Amino acid sequence: MSYLVAAYTITAAALLGYAFWLRRKRRELLDRSNRSGGGPA
Amino acid sequence: MNGPRVALAVLRKDLLVDLRSRDRLGHMLIFAALVVVLISIVLRTSAADARGALLPLLWIAFLFTSLLGLARSFQAETEDGAWTNLILVPVDRGWVFLGKAGANLLALLVVEAWTALLAVIFLDVDWTRAPGAALLAGVLGAIGLSTLGTLLSALSASARFREFLLPILLFPLILPVLVFAADITGEAIAGRALAERSAGALALYDWVFLLIGYLGFDSLVEA
Amino acid sequence: MEEALRYAGVGLVATAALTWLAADEARAIRSARVAGVLALALLALWFGAVIWVAPIERAQGIVQKIFYVHVPCAPVAYLGFVMTAVGGIGFLWRRDAHWDRVAISSAEVGVLFCTLILVTGPIWAKPVWNHWWVWDLRLTSTLVLWFIYAAYLFLRTLSSGTDEARAFASIYGILGTAAIPFVFFAVDLAQGKTLHPSNPAREGLPASMLVPLLLGFVAFACVFWYLFARRLEVAKLEARQS
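A brief report on the enclosed structure follows.

About the criteria used
- Residues numbered from 1 in each chain as written.
- Chains lettered and ligands numbered in written order.
- Predicted model: local features only at pLDDT ≥ 70, side-chain atom pairs only at ≥ 80, totals over all residues.
- Helix = DSSP H or I, 4+ residues; strand = E, 2+ residues; numbered from the N terminus.
- Buried ≥ 20, exposed ≤ 12 C-beta atoms within 10 Å, placed from the backbone.
- Contact = placed C-beta atoms within 7 Å.
- Core = buried A, V, L, I, M, F, W, Y, C linked by C-beta atoms within 7 Å.
- Axes fitted to C-alpha atoms, helices over the stretch in contact; angles between N-to-C directions.
- Parallel < 35°, antiparallel > 145°, perpendicular 65-115°, else oblique.
- Left-handed = near helix turned anticlockwise from the far one by under 90°.
- Nonpolar A, V, L, I, M, F, W, Y, C, P; charged D, E, K, R; others polar.
- Expected span 1.5 Å × (residues − 1).

As for the overall build of chain B
- Regarding its fold elements, chain B presents nine helices and zero strands.
- In chain B, which comprises 223 residues, the share counted as buried stands at 48%.
- For chain B, long-range pairs separated by at least 24 residues make up 83% of all intrachain contacts whose partners lie at least 6 apart in sequence.

Structure, rendered in C-alpha cells:
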C-alpha cells in the first residue's frame, strides 16, 4: 500500500510542481512585459 | 571547389596539424597503454573467467582514449576563430564535416591498432582466429565513434564546460556502437562465424549518423 | 507485428496532431486552456477508474495499481522525444526560432515523464520482483533514453542562444531520436532475456483493467499537451524579453 501511495504521490507532486513552476514563471514574464509597456514586438 | 576536394583539404590540414605537433596522437597512445595496463593488473587476467568481460572493457578503453582526441578536434578552430571560415566555405558544408570525421577516423584507427596490439601483448587476446571479422568490427566501430565524436565535438565546441558536456552527449549515443562492436569482436576471438546481425546493425548505425552529420552540417547557417 | 503497427499508427497520429498544433505558435499557446480543462477532467475520471473500476489483482495485490500511472507515462515520454526531433527538423528547415522552442519544450516535458517512468517502475518492482532495478531491455533502454534527452537539456543550458547553438541542438535532437531503435536492439542483444511484462494488449487485459489504462493514456496525453503549451509560452515570453 505504501508503495502504491508513494508512486501516485510522487507523480502528482512532480506534475503539479512543474505545472505551478511554469505558471509562476509565466506570470512573472507577463508582468514584466506589461510593466515595460511593450506589447508584442 | 567541389565537395570531395574540400573534404580532402580539411582532412589533409588536420592530419598535418596532428603530425606536426604530434601531441594529440602521442597523448592518446600513452593513455591507451595506461588504461590497458590498468585493466590487465586489476582484472588479474590469469583468471579465465575474466575473458567474458575483457572485450567490452577494451572497447571502453578505446572509447575513453578517443574521447581525449575528439574533444580537441575543433579546438584549433574555436580558439583561432577559424571556425567561421570553415563554415563559410562556399560549398556543401557537409563535406567539411566528412573531412573532419575522416581525419579523426585515421587517428582513431591508429589508436585502435595500438590498443589491439596491447591486448595481444598484455591480455593474450588472439585476433588471428577470425581476423576478417575483427578487422570489420574495428573499422565499423571506429567509423561510428569518429562520426558521432566529430559531430558532438562540433556541437559542444562553443558551449561552456565542453570537456564535461562532450562525454555526456557522446556516451548514451555511442552505446549501440560499443554493444555491436564488442559482440562482433567477441564472436571473432571465440572463432565463431561473423555476427551478421550486429555487423549489419552497426553498419546501418554508422550510415545513418554519417548522413545526419552531413545534412546537419550542411544546414548550418553563416552565423 | 500487427500490434507494433497499431502502436506506430497511434504514435504517428499523435505526432502529426501535435506538429499541426505547434506549427502555429499562437494557436498552440491558446490551446493551453482547453488542454488544461480537458486534462483535469480526464485525470479525475482516470483516478476514479483506478480506485473503483480497476480490480485488486490477485497475485500482486494492490501495488499492481501502480501500473495505471507507470504505463501511461511511457508513450507520452516518447511523444516528447519525437517532437524534439520534429522541432529540430523544423528549425533546420525553416530557420524559425519558434520550432526550436517547440523542440526544447517537448524535450523538457518528455524528460519529466521519462523520469516518472523511471521512478514509478522501481517502486512497483521492489515489492513484486524484490529488486528496485534489474538490467533488462525496457528498463535499460528507458534509462539510456533518459540520459540522451537529459544531455539535450544540458546542451541547451550550457550553450549560448545563437542560431548556431540552436542548429547544433536541433542536430542533437534528431540524433537522439534516430538512435532510439538502435538502443533497443543493442540493449536486447547485450542482455537478451527480459523480466518486464510485455505490451499490455498482448496479455489480454480484462475490460476492468483496460478502461483505467486507456483513460490514463488519454489523460496523460492531455497533461503533456497542457504542459507543452505552457512551456512553449514561457519560452516565447523569454525570447521576446531577452
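Structure's up, so let's keep going.
Structural notes on the nonpolar core
- If you look at the biggest cluster of nonpolar residues, it comprises 157 residues, and the most contacted ones within it are Ala181(B), Phe113(C) and Phe224(C).
- It is helix α8 (residues 207–241) of chain C that contributes the most residues to this core, 17 residues altogether.
- In this structure, Phe224(C) is in contact with Val76(C), Leu79(C), Gly80(C), Val109(C) and Phe113(C), ignoring residues within four places of it in sequence.

Section: the arrangement of the chains
- Summarising the chain contacts, two pairs of chains touch, and the pair with the most contacts is chains B and C.
- Nothing in chain A touches chain B, and the closest approach of their C-alpha atoms is 23 Å.

Here we look at the packing of helix α5 (residues 97–129) of chain C against α8(C)
Residue and element names in this part refer to chain C.
- Taken N-terminus to C-terminus, the directions of α5 and α8 make an angle of 135°; their axes are 9 Å apart at the nearest point. The angle between the axes of α5 and α8 places the two elements in the oblique class. Viewed along their axes, α5 and α8 form a crossing whose handedness is right-handed. On the side of α5, the interface is formed by Ala97, Arg101, Val102, Ile104, Ser105, Ser106, Glu108, Val109 and Phe113, while α8 contributes Phe224, Leu227, Phe228, Arg231, Leu232, Ala235, Lys236 and Ala239.
- Among the residues making up the contact of α5 with α8, the classes are represented as eleven nonpolar, two polar and four charged.

A few points about the interface of chain C and chain B
- Between chain C and chain B, the contact holds 29 residues from the first and 26 residues from the second.
- Counting residues per element, the ones that place at least two in the side of chain C that touches chain B are α6 (137–158) and α7 (163–191) of chain C.
- Ranked by the residues each element gives to the side of chain C that touches chain B, the list is headed by α7(C), at 17 residues.
- By residue class, the composition of the side of chain C that touches chain B is 23 nonpolar, three polar and three charged.

Regarding the packing of helix α1 (residues 2–35) of chain A against α8(C)
- It is the contact of α1(A) with α8(C), at a shortest axis distance of 9 Å, that shows an interaxial angle of 30°. Considering their axes alone, α1(A) and α8(C) lie roughly parallel with respect to each other. Seen along the crossing, α1(A) lies across α8(C) with a hand that is left-handed. Contacts from Leu15(A), Tyr18(A), Ala19(A), Leu22(A), Lys25(A), Arg26(A), Leu29(A), Leu30(A), Arg32(A) and Ser33(A) in α1(A) reach Val223(C), Leu227(C), Arg230(C), Arg231(C), Glu233(C), Val234(C), Leu237(C), Glu238(C), Arg240(C) and Gln241(C) in α8(C).
- Of the residues contributing to the contact of α1(A) with α8(C), the split by class is ten nonpolar, two polar and eight charged.

Regarding the interface of chain C and chain A
- In this assembly, 23 residues from chain C lie in contact with 20 residues from chain A.
- Broken down by secondary-structure element, the contributors of at least two residues to the side of chain C that touches chain A are α5 and α8 of chain C.
- Counting residues per element, the side of chain C that touches chain A draws most heavily on α8(C), at ten residues.
- Per-class residue counts for the side of chain C that touches chain A are 14 nonpolar, two polar and seven charged.

Notes on the environment of Arg24(A)
Residue and element names in this part refer to chain A.
- With respect to the element layout, Arg24 can be found in helix α1.
- Classification of Arg24 as exposed rests on a count of 11 C-beta atoms within 10 Å.
- Along the backbone, Arg24 and Leu4 are 20 residues apart, and their C-alpha atoms lie at a distance of 30 Å.

Focus on unusual backbone geometry
- Of note, Arg95(C) is a non-glycine position whose phi angle comes to about 60°, a positive value.
- Mapping Arg95(C) onto the fold places it in the loop between α4 (73–94) and α5.

Structural notes on helix α9 (residues 196–218) of chain B
- For α9(B), with 23 residues, the first-to-last C-alpha span of 33 Å sits near the 33 Å given by 1.5 Å per residue.
- Of all the positions in α9(B), only Ser198(B), Ala201(B), Leu202(B), Tyr205(B), Asp206(B), Phe209(B), Leu210(B), Gly213(B), Tyr214(B), Gly216(B) and Phe217(B) are classed as buried.

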